[in-house]
Amino acid sequence: MVDFVEFPVVDGSRLMEQVPIPKQLRVFDGVVPPPNHGIFQIMNPKDGDKRVVWDSNSLAEIQAAKQMFDDLKKHLTPYRVGANGKASSKQMDEFDPLAEQVIFLPIKMVQGG
Amino acid sequence: MKMIDCATAVTPYYHYKPTHVSSCASWVQEYDLQPATAGYQLWNSDGSSYIITNKYTKIGNYTCGDWAEIAAVPVPLSDRFRQIIQSRQCPLFISSRTPVRAASEERELRARQTLRRVLGDDGFKRFLRNGFVSVRSNSGKVYQIYPGHGMTIVYNHGTPIEKLCVVLRGDFTPTDSLLTRYIMILHDENHFRSYANVFAAPIKTSRQSIIDTRPLPQILQALKTAA
């Protein structure tokens, strides 16, 4: 069964965009990923955030993570974020297998109030 | 902005008790209600929003519709004077900080886990205690970010200079909204500001200005005159 990440396309509509999670990657319920693993945290209204981890020692998982990164980047904005209070944030143009934590934000849904 | 000093106002001193918080507006404006001397009201009315605050007003969010729901209850002079005496018997603590409430919703819990990882344990504890997250941008300004649709207050050298209203549309949790703004400011504050509706900075009431240092007989005389 293929798992998806869902996020809204237009505010006020139930229209949801779906991006499949490659079978090489796994959904993670914890907070801190295992050693030598990277984590995607994909912000969405359904789950709060969906967490997907990949093993940075596995070429197959890195390729799958890159594919997912590229798919998500069409709709969401990826930020490489410092973890454990190391305040930093850098928008990512390309997938970096060394990135420890990547948060995908729905910047399109941001507006002035 | 209109300020009324109840000691000189025509109407006797009242305290206002919100009986209903309306949700009729799609937006909720969050204000830092100012601690005020007893018998002093602060009004702010800009169309559908307003603040009513005095010593007895519950701190909260007020939106359109609340005005009609606020009941005025007169406070007897003796009670009023007793409160003044009581207020002088302990150190004056002023705080507009509201600790974060416990969450039960799974999505919100997950969002807070993520925020904790980003802020670190110490930063997250401060968020729980204060109800907001502060982040210093590259320009040196400090942004005070509140969960949900709360205004982002900008400080320059400790002085509030403006309020920015930036929201995350859609059914996102309050902490997700905070986290989004936190990361945006950390990355590029100018990009964040390009989305913002800018409002004037909240008025900061100094501690000294809200302490009534007059002798008690003089205060009693003034209250009697006003009544």
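Since this is a predicted model, take the numbers as computed values, not measurements.

Quick look at the overall build of chain A now. Helix and strand counts for chain A stand at 1 helix and 9 strands. Considering chain A as a whole, with its 113 residues, one finds that 35% of them fall into the buried category. Sequence-distant contacts in chain A: of pairs separated by 6 or more residues, those separated by 24 or more amount to 51%.

The next thing to look at is the sheet that holds strand 3 (residues 26–27) of chain A. Residues and elements named next belong to chain A. As summarised here, the arrangement of the 6 strands in space is 3-5-4-8-6-7, forming an open sheet in which the pairing is mixed. Lying at the two open borders of the sheet, with one neighbouring strand each, are strand 3 and strand 7 (89–91). Sheet topology places strand 3 next to strand 5 (residues 48–55); 2 bridges connect them, and they run antiparallel. What sits directly across from Val27, in strand 5, is Val52. Running at roughly 150° to strand 5, helix 1 (residues 59–73) makes contact with strand 4 (37–44), strand 5, strand 6 (77–81) and strand 8 (101–105) of the sheet.

Residue and element names in this part refer to chain B. Viewed as axis vectors pointing N to C, helix 3 (residues 106–130) and helix 4 (residues 174–187) meet at an angle of 30°, and their least axial separation amounts to 8 Å. By the criterion of interaxial angle, the relationship of helix 3 to helix 4 is roughly parallel. In this structure, helix 3 crosses over helix 4, and the sense of that crossing is left-handed. On the side of helix 3, the interface is formed by Glu108, Ala111, Arg112, Thr114, Leu115 and Val118, while helix 4 contributes Thr175, Asp176, Leu178 and Leu179. Taken together, the residues of the contact of helix 3 with helix 4 break down into 5 nonpolar, 2 polar and 3 charged.

Attention now goes to the nonpolar core. Counting 49 residues, the largest nonpolar core has Met68, Ile103 and Phe104 of chain A together with Tyr182 and Ile183 of chain B as its most contacted members. It is helix 4 of chain B that contributes the most residues to this core, 7 residues altogether. Ignoring anything within four residues of it in the chain, the contact list for Met68 of chain A reads Val19, Ile21, Pro22, Leu25, Phe40 and Val52 of chain A.

A few words now on the interface of chain A and chain B. Listed by partner, the interface residues are 27 residues for chain A and 32 residues for chain B. Secondary-structure elements contributing two or more residues to the side of chain A that touches chain B are strand 4, strand 5, strand 6, strand 7, strand 8 and strand 9 (110–112) of chain A. Classifying every residue of the side of chain A that touches chain B gives 13 nonpolar, 10 polar and 4 charged. Both strand 9 of chain A and strand 9 (residues 159–168) of chain B contribute to a ladder of 3 bridges, which runs antiparallel. Note that in strand 9 of chain B the partner of Gln111 of chain A across the bridge is Val167 of chain B.

Next up on the list: the confidence of the model for chain B. Residues and elements named next belong to chain B. Residues at a pLDDT of 70 or more form 61% of chain B, whose mean pLDDT is 69. Throughout residues 1–72 the model reports pLDDT below 50, and contacts reaching past four residues in sequence, or to other chains, amount to 119 contacts. Overall fold confidence (pTM) sits at 0.67, and the ipTM for the predicted complex is 0.90.

All names here are of chain A. Looking at the secondary structure, you find Pro22 in the loop between strand 2 (16–20) and strand 3. Note on Pro22: 20 C-beta atoms within 10 Å, which makes it buried. Beyond its immediate stretch of four places on either side in the chain, Pro22 contacts Ala64, Gln67 and Met68.

Let us now look at the environment of Arg110 of chain B. With respect to the helices and strands, the residue Arg110 of chain B is situated in helix 3. For Arg110 of chain B, a count of 23 C-beta atoms within 10 Å puts it in the buried group. The residues touching Arg110 of chain B, leaving out its near neighbours within four places in the chain, are Asp47, Gly48 and Asp49 of chain A.

The backbone of Asn36 of chain A sits at a positive phi, close to 60°, despite the residue not being glycine. Assignment of secondary structure puts Asn36 of chain A in the loop between strand 3 and strand 4. Here His157 of chain B, not a glycine, exhibits a phi torsion of approximately 55°, which is positive. Turning to its location among the elements, His157 of chain B is positioned in the loop between strand 8 (152–156) and strand 9.

What counts and how
Here, residues in each chain are numbered from 1, in the same order as that chain's written sequence. Each chain takes a letter, starting from A, and each ligand takes a number, starting from 1, following the order in which they are written. In keeping with the predicted nature of the model, local features appear solely for residues at pLDDT of at least 70, side-chain atom pairs appear and are counted solely at 80 or more, and the whole-chain, interface and lining totals rest on all residues. A run of H or I in DSSP becomes a helix once it reaches four residues, and a run of E becomes a strand once it reaches two; helices and strands are each numbered from the N terminus. In this scheme the burial state of a residue depends on its C-beta neighbours within 10 Å: 20 or more other such atoms mean buried, 12 or fewer mean exposed, and anything in between means partly exposed; the C-beta positions come from the backbone. Residues are scored as being in contact if the C-beta atoms we place from backbone atoms lie within 7 Å. Each pair of strands is called paired provided DSSP finds at least two bridges between the two strands. Angles shown run from 0 to 180 degrees and are taken between the N-to-C directions of axes, each axis being a line fitted to C-alpha atoms and, for helices, limited to the stretch in contact. In this scheme, roughly parallel covers angles under 35 degrees and roughly antiparallel covers those over 145, while 65 to 115 is roughly perpendicular and the rest are oblique. Less than a right angle of anticlockwise turn of the near helix away from the far helix marks a crossing as left-handed, whereas a clockwise turn marks it as right-handed. Three residue categories are used. Nonpolar comprises Ala, Val, Leu, Ile, Met, Phe, Trp, Tyr, Cys and Pro, charged comprises Asp, Glu, Lys and Arg, and polar comprises the others, including Gly. By definition, a nonpolar core groups buried Ala, Val, Leu, Ile, Met, Phe, Trp, Tyr and Cys residues that are joined through C-beta atoms within 7 Å. For every residue, the predictor assigns a confidence score, pLDDT, that lies between 0 and 100.

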